[in-house]
Structure formats: structure tokens, C-alpha cells
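Working through the structure, step by step
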Amino acid sequence: MTTTGEQWKQIEADYYMQVVNRMPMVLDHAEGTCVYDTDGKRYLDFTAGWAVLNVGHSHPAVTAAIVEQAGKILQMSNLFYTIPQLKLAQILIDNSVMDRVFFCNSGAEANEGVTKLARKYGKVKKNGAYEIITANNSFHGRTMGMMAATGQAHYQDNWRPLAPGYVNVDYDDIDAIKSATNDKTCAVMLEPVQGEGGVNVPSPDYFKQVRAWCDENDLVLIADEVQTGMGRLGTLFGYEQFGFEPDAISMAKGLGAGAPLGAFLCKQEYAVLEPGDHGSTFGGNALTTAAGWAGAKVVVDENWSEKGAETGAYLKGQLTGLMEKYDFITEVRGMGMLLAIQMSEDNAGAVIGETVANGLLLNAVRPNMIRFMPPLTTSIEEVDEAVGILDAALAKVFGA
Ligand SMILES: *Cc1c(COP(=O)(O)O)cnc(C)c1O
């Protein structure tokens, strides 16, 4: 007998750590922008595995790379050369302003690594400087270190004392960075656009000012591109949208095209890690980097950054249309395929409950905010269908 969706949900309730309130359905398979539950019901996935599936679910090139690699070699220690990680390294370096890469397994781990790099730079080049400035409403991950970097009380308060050496200041405020800088500061770490913090786009000159300040004070400027990288904002990397070059970046989410893969990259001048300084058993694993290489190749060769941005601009236009129709939508914001609407009431959960029932997956990034992060490969027809479902859900929940 096959296990039903209801039975799977009971198993979750009995066995799993209850750290998330799940959506009501059990998912079974997926393709492109769509996922299907155990009853065969179809959903448009505008969460894309959490801004991960930039070329969509089960892209044939990614599936083929995984199948082929699984039959060759899955895992070796990084003591040995394996090929997929080298192919992916080449694509990333050839298409960025970075010179060197280290692979790991997640966004939090990428940020742990890149902040270790910054601390080492402070140690050897800046007289032991170790403080790292990050932003309020940022999100850098949930490890002991990255909770201190993440400037949001609800990710920090239950786990104090936090790791020392992180200073949280307001985002999009160059003066806040200036006043937090002292002779112990070694780095500034910022998201090009804050994702989990509510899709916050900084002013156009913010990063140029941060770049100038970091140059003046010899601070490592780290861009956390975990969410914005791999084409999400309309260019392969988010920093390209703001006309500056970071010294180091972290990546994950879209990098593995669905396989758990993270990385941090730096310019040659900041490549201070030496043998023994850092490592990871699974980092650069042959299977995950084969998937990442296949996904990255599709994004780069088929120019999905730009094509996704065109679809994103269309979606933003449709959302702006809804804002004109409903005065309870107070703002539409974001870039490329990372967008959000803000509402006058804390109804995001109720609206999404309604869209999910009607076949559209979305994220309540804040109680009054809905985030859109569909695959870059989403079609205009799929956008129209999603906006139609959202429109009906808004009308129902707000009684409009
Ligand atoms: C998701 C995210 C992280 C954490 O990534 P995990 O893979 O969940 O550890 C870090 N930084 C940013 C900007 C993110 O969006």
C-alpha cells in the first residue's frame, strides 16, 4: 500500500523537529516552474526552492549532469583533484571580478568561510583587526557566527551571548558604517539587495560610497550574494547592478541549481588562506559541483540573468497594476526576479494560504509582505496565471 499525503504529514508531526509550520500539501515531483503534490495537484512555484532553482525544477541539463556524475564518482576528499569543481570554478571566475574560489555546502557556511578570510586578512595585514560590520535586517545564516552577523533580533535573542566581533548598523546608511569603523575593523559584509530582510534595495550610490570607505580604510568589502547571485537581480552577480567591485563574495542558493552547494570567492589580494586554514569534507563534492556547473552553464550560455530580468520587469509591472487597483498594497519593490509587495495589514499569511489553495506558492517574508522569487526561466503566461491567482486571493482576504 502506498503512503498517503495525510500519513506522511502524521509521520512529520511524530518524528520531525517542529521548527517550521509547513504548508498543507506533501510535494512529490516538479518540472520547470511547477511542483505537484501527492494528489497530482499542480502549483506554480514562485519560491523556486527558496531562490535556488534559477533554471527551474528538474532542468534536463542539470538532471543529466547529476545522473552522469552519479555513475562516475560522487565524493572524494579535497586532498585529491576531481574535475566538476574545477569546471565550476572556471565558470565563476571567468564571469566575475573574483580570482579564487572555495566550495562549501550552504550559505551560512560560505559566510563563515568568507568571514574567516576577512579575519585572517585583519590578522596578517591590519595588525590583528577582527571586527566585521554588517547591517540591520540582514540575513547571513543561522550558525553561531552568522547569528551575530545577522542584524535581526529574532534570529539572535534566544542564543545570547552571541559570537563577538560583529557590529550591526543600519543598511543603506554610509554614515552608520563610518561611525562604526575603528582600528579593530577588518571588513564590511552586506547583501547587494537584502532578501530575507524584506527585499530592501539600497540607494544607487550606497555601494559606491561603501567601496570608497573600504578603500580608504583598507577594509575587506564582502558582498553576500547567497540570494542575489546566479542571475537573480538581472546580472550574474548582484554587485554588477550597483557599479562596484567587492573584494570577496559568498554564494549558495542558486549556485547548486538544486544541489546543496555554497562557495566564497575573493580577489587575489585577499587570498590569505593557506594550507590548513580552512576545509570541508563535502565542500566541492563531485555531485553537487557537477549539478552547479550544469546550472551555471545554462544561466550563462542562455543569458537567463537578462531574460529573467525582463520577465521580472513584467511581473513588477503587473504587481504595480495591483497596487493601483488596491490601496491596501502600499509598495512594490525589488529588482530582477527578487520582488516584494508590502501591504497595510499583516495579512500575508492569509493571502498565501489562499494562493496555495489555488495553486501558487509564495513567501510571507514579513507579516505584511509577500516575496516573489520565481525561476528565472518562468514564462510570461505563468506570470499572468500567478498574478491572476494572487489578485483573487487579495480580493478575498481584504474583502475588496
Ligand atoms: C539564505 C541566505 C543565507 C543562508 O543560506 P543557508 O544556505 O540557508 O545557510 C545567507 N545569506 C543570504 C543573503 C541568504 O539569502
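Rules of the game
- Residues numbered from 1 in each chain as written.
- Predicted model: local features only at pLDDT ≥ 70, side-chain atom pairs only at ≥ 80, totals over all residues.
- Heavy atoms only, no water.
- Buried < 20%, exposed > 50% of the residue type's maximum accessible area, 1.4 Å probe, protein only.
- Helix = DSSP H or I, 4+ residues; strand = E, 2+ residues; numbered from the N terminus.
- Pairing = 2+ DSSP bridges.
- Right-handed = clockwise from strand over helix to strand, strands pointing away.
- Lys, Arg positive; Asp, Glu negative; His and termini not counted.
- Salt bridge = Lys/Arg side-chain N within 4 Å of Asp/Glu carboxyl O.
- Polar contact = N/O pair within 3.5 Å; in protein donor to acceptor, adjacent residues only side chain to side chain.
- Phe/Tyr/Trp six-rings, centres within 6.5 Å; stacked < 30°, edge-to-face > 60°.
- Domains from an automatic or database assignment.
- Contact = heavy atoms within 4.5 Å.
- Buried area = accessible area lost by both parts, 1.4 Å probe.
- Nonpolar A, V, L, I, M, F, W, Y, C, P; charged D, E, K, R; others polar.
- Near = heavy atom within 4 Å.
- Areas by Shrake-Rupley, 256 points an atom, 1.4 Å probe, with all protein chains shown as cover.

Okay, the pairing of strand 7 (residues 185-190) next. The buried count for strand 7 comes to six of six residues, which makes it a mostly enclosed element. Here strand 5 (residues 131-135) pairs with strand 7 via three bridges, running parallel. What sits directly across from Glu131, in strand 7, is Thr185. Relative to strand 8 (residues 220-224), strand 7 runs parallel, the two being bridged by four bridges. Looking across to strand 8, one finds that Leu190 is bridged to Ala223. You can see the chain leave strand 7, run along helix 9 (residues 206-217) and come back into strand 8, and the turn it takes is right-handed.

Attention shifts here to the side chain of Arg232. You can see Arg232 is positioned in the loop between strand 8 and strand 9 (248-251). Despite its burial, Arg232 remains without a salt bridge, the nearest opposite charge being carried by Asp45 at 9.3 Å. Polar side-chain contacts of Arg232 include one of 2.8 Å to the side chain of Asn54. A polar atom in the side chain of Arg232 sits 3.3 Å from the backbone oxygen of Met373.

Glancing now at the packing of aromatic side chains. Between two aromatic rings, the relevant description is the distance of the centres plus the angle of the planes. The final tally for this structure, using the stated rule, is eleven aromatic pairs. A centroid spacing of 6.4 Å and a plane angle of 75° characterise the contact between Tyr239 and Phe244, whose relative ring orientation is edge-to-face. Judged by its relative accessible area of 5%, Phe244 falls in the buried class. Summarising the aromatic geometry, the rings of Phe328 and Phe398 are spaced 3.6 Å apart at their centres and angled 5° between planes, so their arrangement reads as stacked.

The next subject is the pattern of salt bridges. Opposite charge on two side chains allows them to pair when their charged atoms are near. Taken as a whole and assessed by the stated rule, the structure comprises 16 salt bridges. One salt bridge connects Lys9 with Glu6, and the closest N-O pair in it is separated by 3.6 Å. Of this pair, Lys9 and Glu6 both sit in helix 1 (residues 5-15), three residues apart, roughly one helical turn. For Glu6, a relative accessible area of 56% puts it in the exposed group. Across the pair Glu196 and Arg371 runs a salt bridge, and its minimum N-O distance is 3.1 Å. Of this pair, Glu196 sits in the loop between strand 7 and helix 9 while Arg371 is found in strand 15 (residues 369-372), placing the two residues 175 residues apart along the sequence. Taking relative accessible area as the criterion, Glu196 reaches 12% and is therefore assigned buried. Judged by its relative accessible area of 0%, Arg371 falls in the buried class.

Our focus in this paragraph is the pairing of strand 8. By the criterion of burial, strand 8 is predominantly enclosed, with five of the five residues buried. Both faces of strand 8 are covered, namely the face carrying Val220, Ile222 and Asp224 and the face carrying Leu221 and Ala223. Pairing of strand 8 with strand 9, which is carried by three bridges, proceeds in the parallel orientation. Across the sheet, residue Ala223 finds its bridge partner in strand 9, namely Ile249.

Let us look at the domain arrangement of the chain. According to the domain assignment, the chain consists of domain 1 (5-58 + 304-398) and domain 2 (73-301). Computed from C-alpha coordinates alone, the two centres of domain 1 and domain 2 are separated by 27 Å. Listed as interface residues are 27 residues of domain 1 and, on the opposing side, 28 residues of domain 2. When domain 1 packs against domain 2, close to 2100 Å² is buried across both sides, 57% of that on carbon and sulfur atoms. At the surface where domain 1 touches domain 2, the tally comes to one salt bridge. Counting only elements with at least two residues in the side of domain 1 that touches domain 2, the list comes to helix 2 (48-51), helix 11 (304-325), strand 11 (329-335), strand 12 (338-343), strand 14 (363-366) and strand 15. Top element by residues in the side of domain 1 that touches domain 2 is helix 11. It accounts for four residues. Of the residues contributing to the side of domain 1 that touches domain 2, the split by class is 19 nonpolar, four polar and four charged.

Taken together, the neighbourhood of the ligand is formed by 13 residues, with Gly107, Ala108, Asp224, Gln227 and Lys253 sitting nearest. Residue Lys253 places a side-chain N or O atom 2.7 Å away from an oxygen atom belonging to the ligand. Taken by itself the ligand offers 380 Å² of open surface, and the protein chains cover 82% of this. The leading source of residues in the shell around the ligand is helix 5 (residues 107-125), at three residues.

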